[in-house]
Amino acid sequence: MEEASFDHGSDRLPFFLAIVSIFLISFSLEATTFGPFRLAEQVQQARYVIHGRVLGASWVSMEPRLQRPFTYWKIQVLSQPKGKNIGGEVILRQPGGELGNIGYGVAGTATFQNEEEIIVTARDTDDGDVKEVVGLASGKYTVLPGPPKEIRNAIGGILRQADGRAFSLEEFTAFVQRVEAGRATENDKNVMVNAQTQHDHETKLDPATATAVRADLNKAASPV
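Model, not experiment: these values are computed from the prediction.

*Asks:* Help me out: how do you make sense of the pairing of strand β11 (residues 140-143) in this one?
*Replies:* Regular strands show a simple pattern: their side chains alternate between the two faces of the sheet. Here β11 shows a buried face lined by Lys 140 and Thr 142 and a second buried face lined by Tyr 141 and Val 143. Of the strand pairs in this sheet, strand β9 (residues 117-124) and β11 are connected by three bridges, and their pairing is antiparallel. Looking at the pairing, Val 120 lines up with Lys 140 of β11.

What follows is the structure, given as structure tokens:
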């Protein structure tokens, strides 16, 4: 993943330069198009698909094994279309954050807002009480106010079915359950996230972000 340090100011310049020498990877700022990818494959790669609501603000904590900051959010679980039951609340994390004198950023991570209604594709971590978003920002969906409650991907915009209709929350849940049960239809298999023909504009990610998202999706297939 591409990681970029935060500038803490001239009073911390020596530390900042040390962080840069370890973490900063140069990349071009020229935008490139990311996608599309098949929604069914994303669902298959995830251990969990969680529909929930963000409770409160995020916090940053040091990951003990990796010794790097991660940003955390508490999520109220409203439903769980896929995966072993994880209860009424769960902690989600994404790499990156600022903790004391240590800070770094990872291109393409998902972010969440208090009270936001979301769907995420997630996997286990070394901490049994914490899950991690699969695919970084591409694994986060916002549930829009309804009715009907439509679904918007953090990268690809409004999520649409193979016939061009926007997914409702109920249709998305049924889609995940069909894929998980091995009953996906041909139309299900053709649902694309970030399909450029379904948007009025092209969704752009810089090369570093696109690389980070692809690497994270590949990681999902590997055990923790």
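*Asks:* Mind showing me how you'd approach the packing of aromatic side chains here?
*Replies:* How two aromatic rings sit relative to each other is given by the distance of their centres and the angle of their planes. Under the counting rule described, the total for this entry stands at five aromatic pairs. For the ring pair Trp 73 and Phe 112, a centre distance of 4.9 Å and an interplane angle of 70 degrees mean the geometry is edge-to-face. Highlighted residues: Trp 73 in strand β5 (residues 68-82) and Phe 112 in the loop between β8 (102-106) and β9, separated in sequence by 39 residues. Comparing Trp 73 with Phe 112 shows no difference in burial state: the two are buried. Members of the aromatic cluster, each reached through a chain of ring pairs, are Tyr 141, Phe 167, Phe 172 and Phe 175. One cation-aromatic arrangement involves Arg 68 over Tyr 104; the distance from NZ or CZ to the ring centre is 5.8 Å. Between the NZ or CZ atom of Arg 93 and the centre of the ring of Phe 70, over which it lies, the distance is 4.2 Å.

*Asks:* Hey, could you run me through the environment of Leu 39 in this one?
*Replies:* Looking at the secondary structure, you find Leu 39 in helix α2 (residues 39-45). Take Leu 39: its relative accessible area is 0%, and that puts it in the buried class. Measuring from C-alpha to C-alpha, the distance between Leu 39 and Val 179 comes to 9.7 Å, with 140 residues separating the pair along the chain. Ignoring anything within four residues of it in the chain, the contact list for Leu 39 reads Tyr 141, Leu 159, Phe 167, Phe 172, Phe 175, Val 191 and Val 193.

*Asks:* I tried to follow the nonpolar core on my own but got confused; where do I start?
*Replies:* Nonpolar side chains in soluble globular proteins tend to be buried together. Core analysis: the biggest nonpolar cluster contains 18 residues, and Leu 39, Ile 119, Ile 151, Leu 159, Phe 167, Phe 172 and Phe 175 have the highest contact counts within it. At the level of elements, α2, β11 and α3 (169-180) are the ones that each hand at least two residues to this core. The element best represented in this core is α3, accounting for five residues. In this structure Phe 175 touches Leu 39, Ala 40, Val 43, Phe 167, Asp 188 and Val 191, once residues within four positions along its chain are discounted. The next biggest cluster of nonpolar side chains, apart from the first, holds 15 residues, and it includes Ile 50, Val 54, Trp 73 and Ala 110.

*Asks:* Help me understand the environment of Asp 129, please; the structure alone is not making it clear to me.
*Replies:* Position of Asp 129 among the secondary structure elements: in the loop between β9 and β10 (130-133). Accessibility expressed as a relative area gives 60% for Asp 129, which makes it exposed. Those residues in contact with Asp 129 that lie beyond four places of it in its chain are Val 90 and Ile 91.

*Asks:* Would you take a moment to explain the confidence of the model for the protein chain for this structure?
*Replies:* Low-pLDDT portions of the prediction should not be read for the details of their coordinates. Looking at the protein chain as a whole, the pLDDT averages 78, with 71% of positions reaching at least 70. Considering only residues more than four positions removed or in separate chains, one finds that residues 1-34, a stretch of pLDDT under 50, has 74 contacts. Of the regions scoring below 50 in pLDDT, residues 197-206 engages in 29 contacts with residues more than four places distant in sequence or in other chains.

*Asks:* Could you clarify how one ought to interpret the pattern of salt bridges in this entry?
*Replies:* Here the structure, examined in full by the defined rule, presents 15 salt bridges. Of the charged contacts, one joins Arg 178 and Asp 188 as a salt bridge, the two residues approaching to 2.8 Å between their closest N and O atoms. Highlighted residues: Arg 178 in helix α3 and Asp 188 in helix α4 (residues 186-189), separated in sequence by 10 residues. By relative accessible area, Arg 178 is classed as partly exposed at 24%. The class for Asp 188 is buried, based on a relative accessible area of 5%. Linked by salt bridges that have partners in common, Glu 63, Arg 93, Arg 123 and Glu 132 make up one network.

Rules used in this analysis
Residues numbered from 1 in each chain as written. Predicted model: local features only at pLDDT ≥ 70, side-chain atom pairs only at ≥ 80, totals over all residues. Heavy atoms only, no water. Buried < 20%, exposed > 50% of the residue type's maximum accessible area, 1.4 Å probe, protein only. Helix = DSSP H or I, 4+ residues; strand = E, 2+ residues; numbered from the N terminus. Pairing = 2+ DSSP bridges. Phe/Tyr/Trp six-rings, centres within 6.5 Å; stacked < 30°, edge-to-face > 60°. Lys NZ or Arg CZ within 6 Å of the ring centre and 35° of its normal. Contact = heavy atoms within 4.5 Å. Core = buried A, V, L, I, M, F, W, Y, C linked by side-chain atoms within 4.5 Å. pLDDT = per-residue confidence, 0-100. Salt bridge = Lys/Arg side-chain N within 4 Å of Asp/Glu carboxyl O.

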